[in-house]
Amino acid sequence: FLHVGTLNEVKDQVSLLLAFSRISKHADATLRILGEGHLENSLRSLANEMSMGDRIEFLGFVPSSQTAKHYQWADILLQASLHEGGGAIVLEAMTYGVLVCGTRVGFLSDFEDTIAVAVDVGYYLSLADKALSLIHYKSRQRLFRQRGRQWSSAHDVDWTARKYSDLYDTQRQIQ
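Worth saying up front: this structure is predicted, and the values here are computed from it rather than measured. (Residues numbered from 1 in each chain as written. Predicted model: local features only at pLDDT ≥ 70, side-chain atom pairs only at ≥ 80, totals over all residues. Heavy atoms only, no water.)

## Section: the overall build of the protein
Operational definition: Helix and strand definitions here come from DSSP, where helices need a minimum of 4 consecutive H or I residues and strands a minimum of 2 consecutive E residues; each element is numbered from the N-terminal end. Note on method: radius of gyration uses C-alpha positions; expected globular size equals 2.2 Å times residues raised to 0.38. Exposed residues in this analysis have more than 50% of their type's maximum accessible area, buried residues have under 20%, and partly exposed residues fall in between, with area computed by a 1.4 Å probe over protein chains only. Note on contacts: a residue pair is in contact if any heavy atoms of the two residues lie within 4.5 Å. Per-residue and other accessible areas follow the Shrake-Rupley method at a 1.4 Å probe size, with only the shown protein chains counted as cover for residues. Counting rule applied: Lys, Arg positive; Asp, Glu negative; His and chain ends not counted. Working definition for charges: the position is that of NZ of Lys, CZ of Arg, CG of Asp or CD of Glu.
Of the regular secondary structure elements, the protein holds 8 helices and 6 strands. Helices and strands appear in the protein in the N-to-C order β-α-β-α-β-α-β-α-β-α-β-α-α-α. By the compact-globule yardstick of 16 Å for 175 residues, the protein fits well, its C-alpha radius of gyration being 17 Å. Principal-axis analysis of the C-alpha atoms gives the protein an extent of 60 × 40 × 30 Å. Sorting the 175 residues of the protein into buried and exposed places 43% on the buried side. Within the protein, residue pairs in contact and separated by at least 24 positions form 66% of the contacts whose partners lie at least 6 positions apart. When the accessible surface of the protein is split by element, carbon and sulfur atoms take 49% of a total near 9400 Å². Placing the 18 positive and 20 negative side-chain charges of the protein at their respective mean positions leaves the two points 7 Å apart.

## A closer look at the packing of aromatic side chains
Note on aromatic pairs: each is described by the distance of the centres and the angle between the planes. Quick reminder of the rule: Here a Phe, Tyr or Trp ring, Trp counted by its six-membered ring, pairs with any other such ring whose centre lies within 6.5 Å, and the pair is stacked when the planes are under 30 degrees apart, edge-to-face when over 60, and tilted otherwise.
Summed over all chains, the structure comprises 6 aromatic pairs. Geometrically, the ring pair formed by Phe-111 and Trp-151 is edge-to-face, given 4.8 Å between the ring centres and 70° between the ring planes. Taken together, the positions of Phe-111 in helix α5 (residues 108–111) and Trp-151 in helix α7 (residues 138–154) put the pair 40 residues apart, joining distant regions of the chain. Given the relative accessible area of 3%, Phe-111 is considered buried. By way of ring pairs, the aromatic residues Phe-107, Phe-111 and Trp-151 are connected into one cluster.

## Quick word on the pairing of strand β3 (residues 56–60)
Note the following rule: Only strands that DSSP links by at least two bridges are regarded as paired with each other. With the strands aimed away from the viewer, a crossover counts as right-handed if its path from the first strand over the helix to the second runs clockwise.
Only one face of β3 is covered, namely the one carrying Ile-56, Phe-58 and Gly-60; the face carrying Glu-57 and Leu-59 has none of its residues buried. When strand β2 (residues 31–34) meets β3, the two strands line up parallel, connected through 4 bridges. The residue bridging Arg-32 from the neighbouring strand is Glu-57, located in β3. In the classification by handedness, the crossover that spans β2, the intervening helix α2 (residues 40–49) and the parallel β3 is right-handed.

## Quick word on helix α1 (residues 13–26)
The condition that has to hold: For a helix, the expected span equals 1.5 Å multiplied by the residue count minus one.
Under the 1.5 Å per step criterion, the end-to-end length of α1 is 20 Å for 14 residues, consistent within 8% with the ideal 20 Å. Taken as a whole, α1 has its buried residues at Gln-13, Ser-15, Leu-16, Leu-17, Ala-19, Phe-20, Ser-21, Ile-23 and Ser-24. Among the structural elements, β1 (2–4), β2, α2, β3, β4 (76–78) and α6 (124–136) are those in contact with the buried residues of α1.

## Comments concerning the pattern of salt bridges
Heads up, the rule is: By definition here, a salt bridge exists when the distance from a side-chain nitrogen of Lys or Arg to a carboxyl oxygen of Asp or Glu is within 4 Å.
Throughout the structure, instances matching the rule amount to 9 salt bridges. Taking the shortest distance from any N to any O, the salt bridge between Lys-11 and Glu-84 comes out at 2.6 Å. One end of the pair, Lys-11, is in the loop between β1 and α1; the other, Glu-84, is in the loop between β4 and α4 (88–95), with 73 residues separating them in the sequence. Per residue, the accessibility class of Lys-11 equals that of Glu-84, and both read buried. A salt bridge links Arg-55 to Asp-28; the nearest nitrogen and oxygen atoms lie 3.9 Å apart. One end of the pair, Arg-55, is in the loop between α2 and β3; the other, Asp-28, is in the loop between α1 and β2, with 27 residues separating them in the sequence.

## Looking at the nonpolar core
For the record, the criterion: The nonpolar core is taken to be a set of buried Ala, Val, Leu, Ile, Met, Phe, Trp, Tyr and Cys residues, with the residues joined through side-chain atoms within 4.5 Å.
Among the nonpolar cores identified, the biggest contains 31 residues, and Phe-1, Leu-17, Phe-20, Ile-23 and Ile-56 are the most heavily contacted of them. Dropping the residues within four chain positions of it, Phe-1 is found in contact with Phe-20, Ile-23, Ala-29, Thr-30, Leu-31, Arg-32, Trp-73, Ile-76, Leu-78, Ala-131 and Ile-135.

Set out below in structure tokens:
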């Protein structure tokens, strides 16, 4: 499992660790966390209190040029955010064929059960259970990986730039 993000309240890594605790009781799993922030020490302490210190790797800040190897390592991106504007991390994961399990925010609101697994914010038990379910269904994994790659390919930076340009053109016409 991979988690990428600033270690802060909005990313809700406490729920992430609670979900992973449940996952790790039912599957041989490791959680790799990329990111730094003011909650790092308390999250490390929580992981140790939950006896998961040996299953969770806190890697701190990782430059963009080095994130590819972590996406290639991962099977599932796990996120528990309270809010996301869109979710660039979700798109990056899908580009690499990484399955996505997270809270119903940003892109995951649109992708639920077609490209990714999503649950309501704060429902870490549901997040864990859905992630575990996905682990056991290889056909669903293949489908989600395929759809994720297709979607991220079709909605690349050029597509995004065209959409913004179209939006700006529409706004100019209205004024």
